[in-house]
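The primary structure of each chain is shown beneath.
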Amino acid sequence: MEQLIGFLETNWLNLLALCWFLLCFKGYNTYTRKRARDTHCLASVMHNYRLEWMTRMLHREVRIADTAAIANLERSVSFFASSTMLILAGLMTVLGSTDKAIDVIGDIPFASHATKTEWELKLLVLICLFVYAFLKFTWSLRQYGFTSVMIGGAPQPNDATETEMKSHATRLAIMSSMAANNFNLGLRTYYFSLSVLAWFINPWLFMLMAGGVVIILYRREFNSSTLRQLVISRMD
């Protein structure tokens, strides 16, 4: 018990920074998931585009361009999944040479002194984040694969009723949106992981960076020129 109290007294600032980070990370993901249901944002607008895409795809007899588009999306996700594995390998290497890394950061102005245990815990947080991102990327890959299969099994224009075609288009749009959302979660994890790098310098800087990431993501997803153009395009 005394050891636990001593640990909390010594590391209260790091624990506060970690709690603030988790609040930003989990809170923003929860907020965007709920807000996307009734507000214009990149996720909701792009889902409508995917629904239009799949509806028109079902009325085409030749669907080579559609499968090529899905394959192109898969390549983007595959690139990030592969990159994540390389990053994890690098983090594991740094974990094995913590003493040298501490010496490098120690030369940076305003960098707070950290023990070897603190450094290893911070590296483990980064490793957990990139493992989470890898799982999201690979699940996104599988969902895009499911979408490809669904396109391959989609009925031809004259082989199904309009109701069946509409139902199939909806399922295709939902599946492709699920894949895109998991890819987006992986990308958000990359953004938040960049803020964790500031933790190695100073916990206060870490908290500032985590809050900054939330602001950047919010502006891009809910109040960006890209979103406005997508909405205008649909209105036109």
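Residues numbered from 1 in each chain as written. Predicted model: local features only at pLDDT ≥ 70, side-chain atom pairs only at ≥ 80, totals over all residues. Heavy atoms only, no water.

Draft legend 1. Representation of the overall build of the protein chain within the structure. Along the backbone of the protein chain there are 8 helices and 0 strands. Reading the protein chain from its N terminus to its C terminus gives the helix and strand order α-α-α-α-α-α-α-α. The buried share of the protein chain, taken over its 236 residues, is 37%. Excluding contacts between residues fewer than 6 apart, the proportion of contacts in the protein chain whose partners are at least 24 apart in sequence is 81%. By element, 66% of the accessible surface of the protein chain is carried by carbon and sulfur atoms, the whole surface being about 13,800 Å². (Helix = DSSP H or I, 4+ residues; strand = E, 2+ residues; numbered from the N terminus. Buried < 20%, exposed > 50% of the residue type's maximum accessible area, 1.4 Å probe, protein only. Contact = heavy atoms within 4.5 Å. Areas by Shrake-Rupley, 256 points an atom, 1.4 Å probe, with all protein chains shown as cover.)

Draft legend 2. Inspection of the nonpolar core at higher detail. In this structure, Phe21, Phe137, Phe192 and Val196 are the most contacted members of the largest nonpolar core, which totals 47 residues. Contributing elements (two or more residues each) for this core: helix 1 (2-35), helix 2 (42-58), helix 3 (64-95), helix 5 (116-152), helix 6 (162-197) and helix 7 (203-222). Among the elements that line this core, the one with the most residues is helix 5, at 12 residues. With residues near it in sequence (within four places) discarded, Val196 still touches Phe21, Leu126, Leu129 and Phe206. (Core = buried A, V, L, I, M, F, W, Y, C linked by side-chain atoms within 4.5 Å.)

Draft legend 3. Expanded view of the packing of helix 3 against helix 6. Packing of helix 3 against helix 6 leaves a shortest axis separation of 11 Å and a crossing angle of 35°. Both helix 3 and helix 6 take part in a crossing whose hand is left-handed. On the side of helix 3, the interface is formed by Ser76, Val77, Phe80, Ser83, Thr84 and Ile87, while helix 6 contributes Phe183, Leu187 and Tyr190. Of the residues belonging to the contact of helix 3 with helix 6, the class tally is 6 nonpolar, 3 polar and no charged. (Axes fitted to C-alpha atoms, helices over the stretch in contact; angles between N-to-C directions. Left-handed = near helix turned anticlockwise from the far one by under 90°. Nonpolar A, V, L, I, M, F, W, Y, C, P; charged D, E, K, R; others polar.)

Draft legend 4. Layout of the packing of aromatic side chains. Tallied over the entire structure, the rule returns 18 aromatic pairs. Judged by centre distance (5.7 Å) and plane angle (50°), the rings of Phe137 and Phe183 are tilted. Of this pair, Phe137 sits in helix 5 while Phe183 sits in helix 6, and the two are 46 residues apart along the sequence. Residue classification places Phe183 among the buried positions, given a relative accessible area of 16%. Arranged with centres 5.9 Å apart and planes meeting at 65°, the rings of Phe137 and Tyr190 form a pair that is edge-to-face. Linking Phe137 in helix 5 with Tyr190 in helix 6, this pair joins segments that are 53 residues apart in sequence. Its relative accessible area of 0% is what places Phe137 among the buried residues. According to the relative accessible area criterion, Tyr190 is buried, its value standing at 16%. (Phe/Tyr/Trp six-rings, centres within 6.5 Å; stacked < 30°, edge-to-face > 60°.)

Draft legend 5. Structural detail: a positive patch on the surface. There is a patch of like positive charges on the surface, built from Lys26, Arg33, Lys34 and Arg37. With respect to the helices, strands and loops of the structure, Arg33 is situated in helix 1. (Patch = residues over 30% accessible without salt bridge, like charges linked within 9 Å, V, L, I, M, F, W, Y side chains within 5 Å. Salt bridge = Lys/Arg side-chain N within 4 Å of Asp/Glu carboxyl O. Lys, Arg positive; Asp, Glu negative; His and termini not counted. Charge placed at Lys NZ, Arg CZ, Asp CG, Glu CD.)

Draft legend 6. Representation of the pattern of salt bridges. Tallied over the entire structure, the rule returns 2 salt bridges. Here Asp66 and Arg60 are joined by a salt bridge, their closest N and O atoms 2.5 Å apart.

Draft legend 7. Region of interest: the packing of helix 5 against helix 6. Axis separation between helix 5 and helix 6 bottoms out at 8 Å; the angle between their running directions is 160°. By the angle class used here, helix 5 and helix 6 are roughly antiparallel. Along this stretch, helix 5 crosses helix 6, giving a crossing that reads as left-handed. (Parallel < 35°, antiparallel > 145°, perpendicular 65-115°, else oblique.)

Draft legend 8. Looking closely at a nonpolar patch on the surface. Taken together, the side chains of Trp12, Leu16 and Trp204 define a hydrophobic patch exposed on the protein surface, amounting to about 360 Å² of accessible area. In this structure, Trp204 sits in helix 7.

Draft legend 9. Expanded view of the environment of Phe192. For Phe192, the location among the structural elements is in helix 6. What makes Phe192 buried here is its relative accessible area of 0%. Sequence separation between Phe192 and Gly211 is 19 residues, and the spatial gap between their C-alpha atoms is 9.5 Å. When residues no more than four places from it in sequence are discounted, the contact partners of Phe192 are Phe21, Cys24, Phe25, Tyr28, Ala210, Val213, Val214 and Leu217.

Draft legend 10. Fine view of the environment of Gly212. By the element assignment, Gly212 lies in helix 7. Taking the C-alpha atoms as reference points, Gly212 and Ser195, separated by 17 residues in sequence, lie 8.5 Å from one another.

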